[in-house]
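Chain residues, written in single-letter form:
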Amino acid sequence: SMAENDQGVEYAVQKSDAEWREGLSDMEYQVLRLKGTERPGTGEYNKFAPKDGHFVCAGCGQALYSAAAKFDSGCGWPAFDKIVDGAVVTQTDRILGMSRVEIMCGGCGGHLGHVFEGERMTPTNERHCVNSISIKYVNAPLGEGQTEKKVLPEREEVTASSILGQLFGKKD
């Protein structure tokens, strides 16, 4: 089967629908497998701000985010500004000229939430809006050699001066 993500990643953890239903709570199944969303402000980790540790996928246990990447965005769901490199895949939906970028666990394809950019809330300029039910907190550091980075490609800043430069500056 073709992987349904922008990166073309095949998930290492493959289970039948029945196996997922068996192993997850009803709410976990609803969110992780059916792409549901918990009500804002209700999630266990919404206001949880641990000093150390990290968060793993509730579906397969893959490390996703360090505690240090979490910030309070006020959106009603846990927010993170970077991920463990390679831990998350995206699925971009373009609807009516808007694009919405879903984030999923790169290990099992479980639905985490969505990623937004350009809001300038943190230096990475990226906000991962994640359902609490999709993740579990682990009171231990990330594994050896696991580094974090943005998931979306770096975009060139479009500024007034760069536009003016294009209009007037670049004469052949």
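Anything mentioned here points back to the structure above.
Bear in mind that the values here come from a model prediction, so they are computed numbers and not experimental data. (Residues numbered from 1 in each chain as written. Predicted model: local features only at pLDDT ≥ 70, side-chain atom pairs only at ≥ 80, totals over all residues. Heavy atoms only, no water.)

(A) Structural view of the sheet that holds strand β8 (residues 111–117). Pairing within the open sheet is antiparallel, and its six strands lie in the order β3-β4-β9-β8-β7-β6. The sheet is open, and its two edges are formed by β3 (70–71) and β6 (88–95), each paired on a single side. Across two bridges, strand β4 (residues 79–80) lies against strand β9 (residues 126–130) in antiparallel orientation. Note on β9: the bridge partner recorded for A79 is C129. (Pairing = 2+ DSSP bridges. Helix = DSSP H or I, 4+ residues; strand = E, 2+ residues; numbered from the N terminus.)

(B) Up close: empty space enclosed by the protein. The full count for this structure, using the stated rule, is one cavity of 30 Å³ or more. Reported here for the largest cavity is a volume of approximately 30 Å³. Together, F71, F116, E119, R120, M121, T122, N125, E126 and R127 line the largest cavity. A breakdown of the residues in the lining of the largest cavity according to their chemical character gives three nonpolar, two polar and four charged. (1 Å grid on protein atoms, 1.4 Å probe; cavity = no way out; pocket = protein on both sides within 12 Å on 5 of 7 lines; lining within 4 Å. Points joined across faces, edges and corners; volume = space filled by probe spheres on them. Nonpolar A, V, L, I, M, F, W, Y, C, P; charged D, E, K, R; others polar.)

(C) A look at the environment of I133. If you trace the backbone, I133 turns up in the loop between β9 and β10 (135–138). What makes I133 partly exposed here is its relative accessible area of 24%. Sequence spacing of I133 and T37 is 96 residues, and the spatial spacing of their C-alpha atoms is 9.1 Å. In this structure I133 touches M27, E28, V31, E38 and A58, once residues within four positions along its chain are discounted. (Buried < 20%, exposed > 50% of the residue type's maximum accessible area, 1.4 Å probe, protein only. Contact = heavy atoms within 4.5 Å.)

(D) Quick peek at helix α2 (residues 26–33). All of the buried residues along α2 are E28, Y29, V31 and L32. Positioned one or two residues after α2, K35 has a phi angle of 60°, which is positive.

(E) Quick look at the side chain of E28. Tracing the backbone shows E28 in helix α2. For E28, a relative accessible area of 11% gives the class buried. In this structure the side chain of E28 is engaged in a polar contact, spanning 2.9 Å, whose partner is the backbone nitrogen of S25. (Polar contact = N/O pair within 3.5 Å; in protein donor to acceptor, adjacent residues only side chain to side chain.)

(F) Up close: the pairing of β9. With five of its five residues buried, β9 lies for the most part within the structure. Burial along β9 is two-sided: E126, H128 and V130 facing one way and R127 and C129 facing the other are all buried. The pairing of β8 with β9 spans five bridges and is antiparallel. Bridge assignment links E117 to a residue of β9, and that residue is E126.

(G) Representation of the pairing of strand β1 (residues 54–57) within the structure. Taken together, the three bridges between β1 and strand β2 (residues 63–66) define a ladder with antiparallel strand orientation. Directly across from F55, in β2, lies its bridge partner Y65. The antiparallel hairpin formed by β1 and β2 contains five residues in its connecting segment, where G61 sits at a positive phi of about 85°. Of the pairings in the sheet, the one linking β1 to β10 comprises four bridges and is antiparallel in character. Bridging across to β10, F55 finds its partner in Y137.

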